[in-house]
Amino acid sequence: MVSHSGLLTVMERAARKAAPRLRRDFGEVQNLQVSRKGPADFVSMADKRCEDTLVEELKKARPDWGFLLEEGGEIKGNPDKPRWIIDPLDGTTNFLHGIPHFAISIAVEEPRPGGRPEVTSGIVYQPITDESFWAEKGRGAWVQSQRLRVSSRRELPDALIATGIPFLGHGDFAQWSRIFGAVAPEVAGIRRFGSAALDLAWVAAGRFDAFWESDLKPWDVAAGVLLVREAGGFVTDFRGGDRAMERNEFLAANDVLHSKLHKLVAGALR
Ligand code: IPD
Ligand code: CA
Ligand code: CA
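Now for a description of the structure that goes with this document. Worth saying up front: this structure is predicted, and the values here are computed from it rather than measured. (Residues numbered from 1 in each chain as written. Chains lettered and ligands numbered in written order. Predicted model: local features only at pLDDT ≥ 70, side-chain atom pairs only at ≥ 80, totals over all residues. Heavy atoms only, no water.)

**Considerations on the pattern of salt bridges**
Thought 1: Applying the stated rule across the entire model yields 20 salt bridges.
Thought 2: Across the salt bridge formed by Arg 116 and Glu 246, the nearest N and O atoms sit 2.3 Å from each other. You can see Arg 116 sitting in strand β5 (residues 115–126) and its partner Glu 246 sitting in helix α7 (residues 244–247), a full 130 residues away along the chain.
Thought 3: Residue Arg 116 is classed as exposed on the basis of its relative accessible area of 52%.
Thought 4: For the salt bridge of Glu 249 with Arg 247, the shortest nitrogen-to-oxygen distance reads 3.4 Å.
Thought 5: Taken together, the salt bridges that share partners define one network made up of Glu 74, Lys 76, Arg 83 and Glu 109. (Salt bridge = Lys/Arg side-chain N within 4 Å of Asp/Glu carboxyl O. Helix = DSSP H or I, 4+ residues; strand = E, 2+ residues; numbered from the N terminus. Buried < 20%, exposed > 50% of the residue type's maximum accessible area, 1.4 Å probe, protein only.)

Below you can see the structure in the form of structure tokens.
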């Protein structure tokens, strides 16, 4: 058993405050599927409403911290203090289609004098399953009060791999297909579930053995990358280097699968 810090309590409370409305809105979206106009405007309102609740709750607890928000952009705070990085609804396309696989992602990024800021706490909360995946730097990754470890599978033919496929003109489809062409024939399966935050949380939980995607945004991955690392996994760029954020390439897995996969991926991209 572990109890999380006061800060994590603040983050979880904010997510749980926003979740009931998101669940109600999701129920409403399921009814709207058959309407001619479709639920798109309704969903962007639900998304915004969720973000507003998160900001309101977090501001109450840490009034001088800034925000990086998917919907609202940047809100400046005291530059010497941490800032929140938030995706109020990761998995919007699922939500819009009545598919119950989406999450709220909240991370804390701390400034490092003279260096790159660092994410030190993160939570990925899944309102439908009520699972709260959380991690704090140096204190491990957890779901509720259960410790998370990345999977211990070592062989590619046993590995189930998650990815994100470029869509609607986003991302580099040719690069994604080269990687897919190299990886798919070697592994047990590939999944595209539509929430990068949950993909990473599920790698941390050992449900997926690995994950790759590029062209993501900081709010998609900030909490999830910390979860994987605190669960004992590796997250690198596609060449196995430590520039995942800068190159906007994410390859996550346990150590053994990571080294096998990054060779396959690097080979495909040569
Ligand atoms: C998306 C999801 C998806 C990923 C997309 C993201 P959104 O976030 O994380 O899995 O493939 O690139 O934009 O739009 O649902 O918040
Ligand atoms: Ca997202
Ligand atoms: Ca989103």
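**Concerning the coordination of the calcium ion (ligand 3)**
Thought 1: Taken together, Glu 70 (OE), Asp 87 (OD) and Leu 89 (O) make up the full set of protein donors to the calcium ion (ligand 3), lying 2.1 to 2.4 Å away.
Thought 2: For the calcium ion (ligand 3), all donor residues lie on one chain, and their spacing in sequence is E-x16-D-x1-L.
Thought 3: Look at Asp 87 and you get buried, because its relative accessible area is 1%. (Donors = N, O, S within 2.8 Å, 3.2 Å for Na, K, Ca; no water.)

**Observations regarding the packing of helix α1 (residues 6–32) against helix α2 (residues 40–61)**
Thought 1: Where α1 meets α2, the closest approach of the two axes is 9 Å, and the angle between their N-to-C directions is 165°. The orientation of α1 relative to α2 falls into the category roughly antiparallel. Regarding α1 and α2, the two cross each other, and that crossing is right-handed. Contact residues: α1 offers Val 10, Met 11, Ala 14, Ala 15, Lys 17, Ala 18, Arg 21, Leu 22, Asp 25, Glu 28, Val 29 and Leu 32, while α2 offers Phe 42, Val 43, Ala 46, Arg 49, Cys 50, Thr 53, Leu 54, Glu 57, Leu 58 and Ala 61.
Thought 2: When grouped by side-chain class, the residues that make up the contact of α1 with α2 number 15 nonpolar, 1 polar and 6 charged. (Axes fitted to C-alpha atoms, helices over the stretch in contact; angles between N-to-C directions. Parallel < 35°, antiparallel > 145°, perpendicular 65-115°, else oblique. Left-handed = near helix turned anticlockwise from the far one by under 90°. Contact = heavy atoms within 4.5 Å. Nonpolar A, V, L, I, M, F, W, Y, C, P; charged D, E, K, R; others polar.)

**Looking at the packing of aromatic side chains**
Thought 1: Overall, the coordinates contain 11 aromatic pairs when judged by the stated rule.
Thought 2: When the ring of Phe 173 is compared with that of Trp 176, the centres are 5.8 Å apart and the planes differ by 25°; the resulting orientation is stacked. Within this pair, Phe 173 and its partner Trp 176 are both found in helix α4 (residues 173–183), separated by 3 residues, close to a single helical turn.
Thought 3: Using a relative accessible area of 46% as the deciding quantity, one classes Phe 173 as partly exposed.
Thought 4: Accessibility expressed as a relative area gives 10% for Trp 176, which makes it buried.
Thought 5: Considering the side-chain rings of Phe 193 and Phe 208, the 5.5 Å spacing of their centres and the 65° angle between planes classify their relative orientation as edge-to-face. Of this pair, Phe 193 sits in the loop between β10 (189–191) and α5 (196–204) while Phe 208 sits in the loop between α5 and β11 (210–214), placing them 15 residues apart in sequence.
Thought 6: A relative accessible area of 2% means that Phe 208 is categorised as buried.
Thought 7: Linked through ring pairs, Phe 173, Trp 176, Phe 180 and Trp 212 together constitute an aromatic cluster.
Thought 8: The side chain of Arg 62 reaches across the aromatic face of Trp 65, ending 5.5 Å from its centre. (Phe/Tyr/Trp six-rings, centres within 6.5 Å; stacked < 30°, edge-to-face > 60°. Lys NZ or Arg CZ within 6 Å of the ring centre and 35° of its normal.)

**Overview of the packing of α5 against helix α6 (residues 218–230)**
Thought 1: Interaxial distance between α5 and α6 falls to 8 Å at its minimum, and their mutual angle equals 5°. Our classification of the angle between α5 and α6 gives roughly parallel. Along the contact surface, α5 presents Ala 196, Ala 197, Leu 200, Ala 201, Val 203 and Ala 204, while α6 presents Asp 220, Val 221, Gly 224, Val 225, Leu 227 and Val 228.

**A look at the sheet that holds β11**
Thought 1: Ordered by their spatial adjacency, 5 strands build an open sheet running β10-β9-β11-β13-β12, and the pairing between neighbours is mixed. For this open sheet the edge positions go to β10 and β12 (234–236), each flanked by a neighbour on one side alone. Neighbour-to-neighbour, the strand axes of the sheet open up by a mean angle of 15°, direction not taken into account.
Thought 2: Of the pairings in the sheet, the one linking β11 to strand β13 (residues 249–253) comprises 5 bridges and is antiparallel in character. Counted as the bridge partner of Phe 211 is Ala 252 from β13.
Thought 3: Sitting on the sheet, α5 is in contact with β9 (160–163), β11 and β13, with an inclination near 155° to β11.
Thought 4: Of the strands in this sheet, β9, β11, β12 and β13 touch helix α8 (residues 255–269), which is tilted by about 140° from β13. (Pairing = 2+ DSSP bridges.)

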